[in-house]
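What the coordinates show
So you can see what is in the structure, the chains are spelled out below.
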Amino acid sequence: MPEPGLSPLQSSLPTAAAHFGTHVLARAAAPADTAPAAGAGRAVVATPPRPDPGWIPRGPTGLGTAALSLARREDVPATPEPTAPAPVEGRPIPGLYFHPVPEPDPVRADEVSRRIKSWALDEVQLYPDDWEGEFDGFSVGRYMVACHPDAPTVEHLMLATRLMVAENAVDDCYCENHGGSPVGLGGRLLLAHTALDPLHTTKEYQQQWAESLHADAPRRAYRSAMEYFVGQATPSQADRFRHDMARLHMGYLAEAAWTETDYVPEVWEYLAMRQFNNFRPCPTITDTVGGYELPADLHAQPAMQRVLALAGNATTIVNDLYSYTKELATPGKHLNLPVVLAEREGVSDREGYLKAVEVHNDLMRDFEAEAAALAAACPVPTVLRFLKGVAVWVDGNHYWHQTNTYRYSLPDFW
Ligand SMILES: CC(C)=CCC/C(C)=C(\C)COP(=O)(O)OP(=O)(O)O
Ligand SMILES: [Mg+2]
């Protein structure tokens, strides 16, 4: 049984780590530019964050071990005075089960914001001038710093940040409101997917393909972000990511097919589509961003796959809830869980929304229970750290949605 006040994951993971006792590597000193430690508060309602419980295995310490660790200090400019954390804006959805996170380190967030803008403008020519406000309003630096508090350096954070921006560019420009359309989407996605999973063909055609990767902003972004990622990830981490992205693209295609035929899926069908059109590619790179590797066979075990699916689903329904009013305001019917519930179960918009909150909460609780069970059954340090990384990503994702008042606002249902 979980201790009172702790989620099942919180209470079982330290136990599992303690089981490993002397095998767990000593904690490496956190770099000066790191955000608050990964032990975010894990209570149901907003409570002050807990300190790092200290059970997350870090890199080796001691004389001569610095070269073994990716967790080096880094050249992020120090602020002369400690910067007071910005107050959290935006209110959480009433009744939503979530865990508050420590305010992301503003120095890191600013540095990631600076580097990502320079990448977007100078390296991949991502957007025209008049999209700048929207790019800034996305606040991707704060997002990624909140989701990856254990990243050893800003460059590790940049791996996740470039991919996040590229993924959103593909969604916006191919599928949604920046010129996207369901018509012809399959062809566009397939060709963009080759920026992640390269074409191997004859010399004659290889060149044309290579040039195509520079033909539009989504492909330039995918190509470049993947090049950086592959430079840091192991081959199996890169392959894991490609698999998750193929899942994502399949989800986009199902959503587009339903839009084209005006089909409103049954609730379970919608949930199946949203399991693929999903944030999953983001938490599953937590080990690469953290500078370690969850071995492929441990990632592939069915219990881990279930945990990842549940985590991805909870994070994605969070998006459906926070983006509900934004999506209502777009032309045509935008599918999200509250809309599908209201239509398919014949309830009011408000009841559909409130039921979607319950679906989310059940997914979150299942995720936490399954993660705790896996941690107890397989208390390997990389498994424990990875599970923690996924849980922290889930919490950081909620934080970003709640606080991104530029992008999201809540409906008037309470
Ligand atoms: C970052 C990433 C892998 C995104 C893939 C899918 C995606 C864009 C989401 C899960 C977000 O959902 P949605 O398209 O509804 O986004 P907004 O509501 O427009 O923020
Ligand atoms: Mg949405």
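Look above for the structure.
Here goes a summary of the coordinates provided.

The rules we used
- Residues numbered from 1 in each chain as written.
- Chains lettered and ligands numbered in written order.
- Predicted model: local features only at pLDDT ≥ 70, side-chain atom pairs only at ≥ 80, totals over all residues.
- Heavy atoms only, no water.
- Helix = DSSP H or I, 4+ residues; strand = E, 2+ residues; numbered from the N terminus.
- Contact = heavy atoms within 4.5 Å.
- Polar contact = N/O pair within 3.5 Å; in protein donor to acceptor, adjacent residues only side chain to side chain.
- Near = heavy atom within 4 Å.
- Areas by Shrake-Rupley, 256 points an atom, 1.4 Å probe, with all protein chains shown as cover.
- Nonpolar A, V, L, I, M, F, W, Y, C, P; charged D, E, K, R; others polar.
- Buried < 20%, exposed > 50% of the residue type's maximum accessible area, 1.4 Å probe, protein only.
- Salt bridge = Lys/Arg side-chain N within 4 Å of Asp/Glu carboxyl O.

**With respect to the environment of N336**
Summarising the element assignment, N336 is placed in the loop between α14 (324–328) and α15 (337–345). The sequence separation of N336 and K388 amounts to 52 residues, and the corresponding C-alpha distance is 28 Å. When near neighbours in sequence (up to four residues on either side) are disregarded, N336 contacts Y270, D320, Y324 and E327. Of the polar contacts made by the side chain of N336, one reaches the side chain of E327; its length is 3.0 Å.

**Structural notes on the site of ligand 1**
In the vicinity of ligand 1 there are 19 residues, among which N319, K326, E327, R407 and Y408 approach most closely. Separating an oxygen atom of ligand 1 from a side-chain N or O atom of N319 is a distance of 2.9 Å. Taking E327, its side chain carries an N or O atom lying 2.9 Å from an oxygen atom of ligand 1. Within the complex, the protein chains bury 98% of what would otherwise be the 500 Å² of accessible surface of ligand 1. The residue makeup of the shell around ligand 1, split by class, is six nonpolar, six polar and seven charged.

**Quick notes on helix α4 (residues 140–147)**
Most of α4 is tucked away, with seven of its eight residues classed as buried. Listing the buried residues of α4 in full gives V140, G141, Y143, M144, V145, A146 and C147. Taken together, the buried residues of α4 touch α2 (106–123), α5 (154–175) and α17 (381–403).

**A word on the pattern of salt bridges**
When their charged atoms lie close together, side chains carrying opposite charge are able to pair. All chains considered together, the criterion is met by 17 salt bridges. Among the ionic pairs, R280 bridges to D244, the shortest N-O distance being 2.9 Å. Here R280, found in the loop between α10 (267–276) and α11 (286–290), pairs with D244, found in helix α9 (residues 235–260); they are 36 residues apart in sequence, far enough to count as distant. Judged by relative accessible area, R280 falls into the buried class, the value being 7%. Via salt bridges that share partners, E111, R114, R115, E155 and R162 belong to a single interconnected network.

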